[in-house]
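Notes for the structure review
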Amino acid sequence: MAWNWQAFVFLTFDIMKTSTFSRNVALAASALILASCAEPLNKENLVGIWVQPVPGMALVQGIELKEDGSARSVNMATLKYESWELDGRSIVLRGTSIGNGTSSTFSDTLGIIRADKDSLILRKGSLSLEYGRSVEDCGFRANPGTILKGRITFGPEVRKFRPEGGDKEYWLIDKSGYLQVKYNESGSAEWSADAELEVKETDGSVSEFGKEYCGTLQVLRVISIE
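None of the values given here were measured: they were computed from a predicted structure.

Okay, unusual backbone geometry next. The phi torsion at Asn 75 lies on the positive side, around 55°, for a residue other than glycine. For Asn 75, the location among the structural elements is in the loop between β3 (71-74) and β4 (79-87). One non-glycine residue, Glu 157, lies in positive phi territory at about 60°. Along the chain, the position of Glu 157 falls in the loop between β9 (146-155) and β10 (158-163). Using a relative accessible area of 56% as the deciding quantity, one classes Glu 157 as exposed.

All right, on to the sheet that holds β10 then. As summarised here, the arrangement of the 5 strands in space is β9-β10-β11-β13-β12, forming a closed barrel in which the pairing is mixed. Across the sheet, the mean angle separating the axes of adjacent strands is 55° when strand polarity is ignored. By the bridge criterion, 2 bridges tie β10 to strand β11 (residues 170-173) in an arrangement that is antiparallel. When the bridges of β11 are listed, Lys 160 appears paired with Trp 171.

What follows covers the environment of Ser 97. Along the chain, Ser 97 turns up in strand β5 (residues 90-98). By relative accessible area, Ser 97 is classed as partly exposed at 30%. Sequence separation between Ser 97 and Lys 80 is 17 residues; the distance between their C-alpha atoms is 6.2 Å. Ignoring sequence-local partners within four residues, the contact set of Ser 97 consists of Thr 78, Leu 79, Thr 102, Ser 103, Ser 104 and Phe 106.

We now examine the nonpolar core. Ranked by size, the top nonpolar core spans 17 residues in total, and within it Leu 65, Ile 91, Leu 93, Leu 120 and Leu 122 carry the most contacts. Residue assignment for this core shows that the elements contributing at least two residues are β2 (60-65), β4, β5, β6 (103-115), β7 (119-124) and β8 (127-134). Ranked by residues supplied to this core, first place goes to β6 with 4 residues. If sequence neighbours within four positions are ignored, Leu 93 has contacts with Ile 63, Leu 65, Tyr 81, Ser 83, Trp 84, Phe 106, Ser 107, Asp 108 and Leu 110. Residues Phe 161, Tyr 178, Ala 193 and Val 199 belong to the second largest nonpolar core, which totals 16 residues.

A few words now on the pairing of β7. One ladder, built from 4 bridges, connects β6 with β7; its direction is antiparallel. Counterpart to Arg 114 in the pairing with β7 is Ile 121. With antiparallel pairing between neighbouring strands as the criterion, β6 and β7 make up a hairpin whose turn holds 3 residues. Pairing of β7 with β8, which is carried by 6 bridges, proceeds in the antiparallel orientation. Considered in β8, the bridge of Leu 120 is made with Tyr 131. Linkage of β7 to β8, two consecutive antiparallel strands, is achieved through a turn of 2 residues, within which Gly 125 is found at a positive phi near 65°.

Conventions used here
- Residues numbered from 1 in each chain as written.
- Predicted model: local features only at pLDDT ≥ 70, side-chain atom pairs only at ≥ 80, totals over all residues.
- Heavy atoms only, no water.
- Helix = DSSP H or I, 4+ residues; strand = E, 2+ residues; numbered from the N terminus.
- Buried < 20%, exposed > 50% of the residue type's maximum accessible area, 1.4 Å probe, protein only.
- Pairing = 2+ DSSP bridges.
- Axes fitted to C-alpha atoms, helices over the stretch in contact; angles between N-to-C directions.
- Contact = heavy atoms within 4.5 Å.
- Core = buried A, V, L, I, M, F, W, Y, C linked by side-chain atoms within 4.5 Å.

Structure, rendered in structure tokens:
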């Protein structure tokens, strides 16, 4: 039997005229019917890498939601996501916030305003967070730079990159903090790794140490580290 929406609307307004109690019952019924029309969410729809532009910078940041319920921060050195779960039309994110020599755990619940194959919009209070889906490990950029393979070396007062097939070395700037985290995780005084990076040349005068190299490269994207 087809649902007569017009009759429902007129019935609702008629009931609302009777009493305060009846008005509240009618409004609750209306809310339940409208809520039932919302598209259901499932965990599989949210699995993936979600990123957003960093304000004032040519970089992206975000979060990877993994199928097993674990999570990972993307280009966010001070906010370490560790797990997530779907709770109705809300997502619960848990992790560790890292400050100057201190750290603390957190658990945030955000409402899901929209979730489809390309976009994810979350809300916490009056704050709206919009993300786009990415297919690459450390995010993406709309304006691509130059992709180079080579050797990264980090150490005290050392942040350098030597492209493969040459002997020139460049001072490396990574504003996301991702490579610094990798260096810290190594536990070594000097850390080296083969990497594929998307970079662009930038002004070396911003760093005192950068003047000693052939030039300065800013990391736009970390494609791989071995």
